[in-house]
Amino acid sequence: MPDNIVLETRNISKSYRISGENSLFAKTFQAVSDVSVAVRQGETFGIVGESGCGKSTMARLMMCLEKPDAGEIYLQGQRIDNLSETQRRRLRPRFQMVFQDSGSSLNPRKRVQDILREPMLYHRIGDQKQVDSRVEELLDMVGLPVAMKRRYPHEFSGGQRQRVCIARALSLNPDVIVLDEPVSALDVSVQAQILNLLRDLQQNLHLTYVFIGHGLGAVHYISHQIAVMYMGRVVEMGPSDTLFDHPAHPYTKALLDAAPVADDTLRGRERTVMAEEIGDQPSDSGCPLLPRCPYAQEGCRSRGLALFETQGRLTACDRMLEG
């Protein structure tokens, strides 16, 4: 593994039993299927796709909140998916997570200063005086007045609560922070503020992120590398600007075209639109996008699922480049 790779997944898969089915004949849903990604030091790796594509499952697997059915997960070259809970607990300071719902991820009965203190005291990062000083430093870093440390979470706006969650993740000086749709529940103007905060923190503290979202615009803004997921599989992966400016896969193009634009001259542009809503889980052969893709041809039924390299990215289809 290269020295600059902080977090890596190798061919990980995860399936769930569908609830309500007879246990003898229960069906399974493949949430993640054979996904390999590598997150470089000091960069942001973005994962984007529709709801149900498997991106949040990827976040939980990377954080070892769930165990993959197959594959391996490495943190700084050390395999972590096969560790016991006691062993993982010792490593927790090194990989932290910021959740989508800031309200439910903060204890409503505790003041912000206690929420920020607890992780540091639990992992014995400094004495009480040092921890208290660190709490004030963290609040300043995320753009909150120090006086707010005595408030409860319900006294903050959604954007302010998310800043507290970011401060809590930073408190343990982690190697990598996984951000699971951290701005999707916020107003557009607040989204921009949080994204700019994350970029500033990364630049100043040399942080490494995994940023998960369903809007390619926000993911592109903050990410260096992007993986586009569809029904549990990565369909395109490469540098952020390459995917944004010249998408190779029709699904990537559809995600881009679905984003609203402020320029009136672009509103009548030709767009790639999926034929219908996401359907049942695809078969193990053929393109999973086949029922929805406007560019589908008969040969797509036998097209393999493996990614191949073309023009500086990995893709499962190059129809957009052909066009």
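Residues numbered from 1 in each chain as written. Predicted model: local features only at pLDDT ≥ 70, side-chain atom pairs only at ≥ 80, totals over all residues. Heavy atoms only, no water.

Draft legend 1. Fine view of the sheet that holds strand β7 (residues 176-180). Read across the open sheet, the eight strands follow the order β6-β7-β8-β3-β9-β10-β12-β11; overall the sheet is mixed. Because the sheet does not close on itself, it has two edges, and the strands there are β6 (95-98) and β11 (308-310). Mean inter-strand twist for the sheet, computed between neighbouring axes without regard to direction, equals 20°. One ladder, built from six bridges, connects strand β9 (residues 225-230) with strand β10 (residues 233-239); its direction is antiparallel. Bridge pairing links Met-229 to Val-234 in β10. Across the sheet, helix α5 (residues 158-170) lies against β6 and β7, angled at about 175° from β6, the strand it touches most. (Pairing = 2+ DSSP bridges. Helix = DSSP H or I, 4+ residues; strand = E, 2+ residues; numbered from the N terminus. Axes fitted to C-alpha atoms, helices over the stretch in contact; angles between N-to-C directions. Contact = heavy atoms within 4.5 Å.)

Draft legend 2. Quick peek at helix α9 (residues 250-258). With respect to burial, α9 is a largely interior element, eight of its nine residues being buried. All buried positions along α9 are accounted for by Pro-250, Tyr-251, Thr-252, Lys-253, Ala-254, Leu-255, Leu-256 and Asp-257. (Buried < 20%, exposed > 50% of the residue type's maximum accessible area, 1.4 Å probe, protein only.)

Draft legend 3. A look at the sheet that holds strand β4 (residues 70-75). Strand order in the open sheet made by the four strands is β2-β1-β4-β5, with antiparallel pairing throughout. Sheet topology places β2 (28-40) and β5 (78-79) at the edges, where each strand pairs with a single neighbour. One ladder, built from nine bridges, connects strand β1 (residues 5-17) with β2; its direction is antiparallel. Following the sheet pairing, Arg-17 is matched in β2 by Thr-28. Here helix α1 (residues 55-62) sits on the sheet in contact with β1, β2 and β4, set at roughly 120° to β1.

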